2 protein chains.
Amino acid sequence: MSGLSEFALIDTLLKPLARRAPGAFALTDDAAVLPVAPPGEVFVITKDALAADVHFLSDDPPGDMARKALRTNLSDLAAMGAEPVGFFMALCLGQETSENFVKAFVKGLAEDVEHFDLPLMGGDIIRQPGPFIVSITAVGKAREGAVLRRNGAEAGHHLWVSGTIGDGALGLLVAQDEMKNLPAAEQDYLLGRYRVPEPRLSLGKALVGVASACIDVSDGLVSDAGHLAQASDLAGQIFQPNVPLSPAALSALQTDERYLETLLTGGDDYELLFAAPPDAEDKILSLAKQSGVVVSCIGEFTKGTGVHVTDKDGMALPFHQRGYQHS
Amino acid sequence: MSGLSEFALIDTLLKPLARRAPGAFALTDDAAVLPVAPPGEVFVITKDALAADVHFLSDDPPGDMARKALRTNLSDLAAMGAEPVGFFMALCLGQETSENFVKAFVKGLAEDVEHFDLPLMGGDIIRQPGPFIVSITAVGKAREGAVLRRNGAEAGHHLWVSGTIGDGALGLLVAQDEMKNLPAAEQDYLLGRYRVPEPRLSLGKALVGVASACIDVSDGLVSDAGHLAQASDLAGQIFQPNVPLSPAALSALQTDERYLETLLTGGDDYELLFAAPPDAEDKILSLAKQSGVVVSCIGEFTKGTGVHVTDKDGMALPFHQRGYQHS
């Protein structure tokens, strides 16, 4: 990239994002100091990397890429029931990454720094000959011993999911110009769900002590249900008619029922998928209401392995996940 | 990359590196939980990214790349006076990254996990069409309010450096086959210094409360002295004859005195460069001895801006850094 140097990028674009974190030292030092954890609280950390042309499309607005990179990490914190406190970022600029791209990227990031009131605390900028890559490390906090894990489900526990499923995968198809039959408003809705996911932070935090296991849906509903089931040494049963779909996803399904597989196995939902004992139902519905997000009970855990999806007649649908996949 | 999937890579190669960190949950969850900080301690975090063909040469052994990636982050913690407790890693595998490369990379990393007794706590593996990139986030701990910063030097404070300077830059030349005049043993020494730097963790921790400012030399002695001077709003004066050189660097200088500029301005030293009041000299020499590393007083801070290097006759050498560079 020509134009601004790394120092100038940090000085002019990134330093303002760090101003609410005294321990970030205005990004001038070798490392940042986290705030002192209050007694009984622990820090929770997650780290992801996203690459242009892999996790983003070249047409995606750079600001949305930034927000997605941050939000997918926040979704990991939500799945642990943690509350975010700040983040670190490594920007790996490619040969073709323009100054305007970086400015638009940081502008989008700045919007989410405001939206989540979450400071940038440090990081790195490098230049390299490949595609643009961003790696974010998000730091959250939780009560000691009170994080949501994947491995706590028991046989008989219900399987719940927040929001609606499949919008992200359909949004990717919209971005690839493959959903032209849908009304423009529905295409826009799906595209937005794909580009700027909503981490379910409030719900995740509320589920601590209520849910027995939790994950965020990033690989796809069936696959991530498989991760929960496998970690808990159980089988997952999903009753497909209960899987919550948005009006736009229902429209897509009306145009072609083969989209059902996309909805159930596509990724990029960033909804919370969690297990809970049957008697927690009222509590869960109440917490979800307080968190401003809909939740749906879509199945249960049983002894066995893999994930099994059945239709309204109890017939098996061919979207199984047979235990932990090494492929 | 063909062969092992991300899941299999994590399962077979990375999981063993996480076994000493209970909060890493064997790398099976969405995020990791840091241990509870003892009262009065804070966490210190740094994040860097390194790319093949930029920060590594294609001939570098993959295991050394891994150790360098980890160690440059540990060097940042050393410069803050922090003690490392664990690290996170995002591996961005390129199209040409082979399974053997990844295995050798993780083998080198495993050696340093043992050497520093430092667990891998989490991270991510992605595939993308560019060069191999690794981003590491290192977590350290320090006493609250007791970290080394860059901005504490005062006029009259001395400028000190650990170890020897310039070996990393010469080691890069060795790797590029440009130092064939040197004896093989000296070439090997320099290459080792370039490929596997030694973070000065023990010295950094010992300097807390003694040094008034500190940085690690990654960009080059003159440039990083400039960062210290600029952060402290002072000028740096370096007396070149006092800059400590290794026998191999002295040999190189005998073959061509123009290497002096390489030594003073090249990067990749990962030595600590720090400021201290003149009356701290005995204390510093004693702490350095306890830490098993040589330190040298190479100059001082004065009012003014930039970094000025003088030779044995007090003549200015042309390796100035005129304040903070935006280029």
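The preceding data block contains the structure.
Scope of this entry: the structure provided in the associated data block. Here the structure is a predicted model, which means the values were calculated and not measured.

A few words now on the overall build of chain A. Scanning chain A from terminus to terminus reveals ten helices and twelve strands. For chain A, whose C-alpha radius of gyration is 20 Å, the value lies close to the compact-globule estimate of 20 Å for 327 residues. The C-alpha extent of chain A, read off along each of the three principal axes, is 60 × 55 × 35 Å. Counting the 327 residues in chain A, one finds 62% classified as buried. Summed over its atoms, the accessible surface of chain A is roughly 12,700 Å², and 50% of this surface lies on carbon and sulfur atoms. When the 25 basic and 43 acidic side-chain charges of chain A are each reduced to a single mean position, those positions are 4 Å apart.

What follows deals with the sheet that holds strand 9 (residues 272-276) of chain B. Residues and elements named next belong to chain B. In spatial order, the strands read 7-9-6-10-8-11-12; together these seven strands make up an open sheet with mixed pairing. One side of each edge strand has no neighbouring strand; the edge strands of this open sheet are strand 7 (213-216) and strand 12 (316-321). With direction set aside, neighbouring strand axes in the sheet form an average angle of 25°. Here strand 11 (residues 307-310) runs beside strand 12; their pairing, made up of three bridges, is antiparallel. Across the sheet, the residue bridging to Thr310 is Ala316, located in strand 12.

The next point concerns the pairing of strand 3 (residues 83-93) of chain B. Residue and element names in this part refer to chain B. Burial runs high along strand 3: ten of the eleven residues are buried. Sheet analysis places strand 3 next to strand 5 (residues 133-143), joined by nine bridges and oriented antiparallel. Of the residues in strand 5, the one forming a bridge with Pro84 is Gly140. Bridge count between strand 3 and strand 4 (residues 120-127): seven bridges; the pairing is parallel. Bridge assignment links Phe88 to a residue of strand 4, and that residue is Gly122. For the crossover that starts at strand 3, traverses helix 3 (residues 99-115) and ends in the parallel strand 4, the hand is right-handed.

About the thresholds
- Residues numbered from 1 in each chain as written.
- Chains lettered and ligands numbered in written order.
- Predicted model: local features only at pLDDT ≥ 70, side-chain atom pairs only at ≥ 80, totals over all residues.
- Heavy atoms only, no water.
- Helix = DSSP H or I, 4+ residues; strand = E, 2+ residues; numbered from the N terminus.
- Rg over C-alpha atoms; globule rule 2.2 N^0.38 Å.
- Buried < 20%, exposed > 50% of the residue type's maximum accessible area, 1.4 Å probe, protein only.
- Areas by Shrake-Rupley, 256 points an atom, 1.4 Å probe, with all protein chains shown as cover.
- Lys, Arg positive; Asp, Glu negative; His and termini not counted.
- Charge placed at Lys NZ, Arg CZ, Asp CG, Glu CD.
- Pairing = 2+ DSSP bridges.
- Axes fitted to C-alpha atoms, helices over the stretch in contact; angles between N-to-C directions.
- Right-handed = clockwise from strand over helix to strand, strands pointing away.

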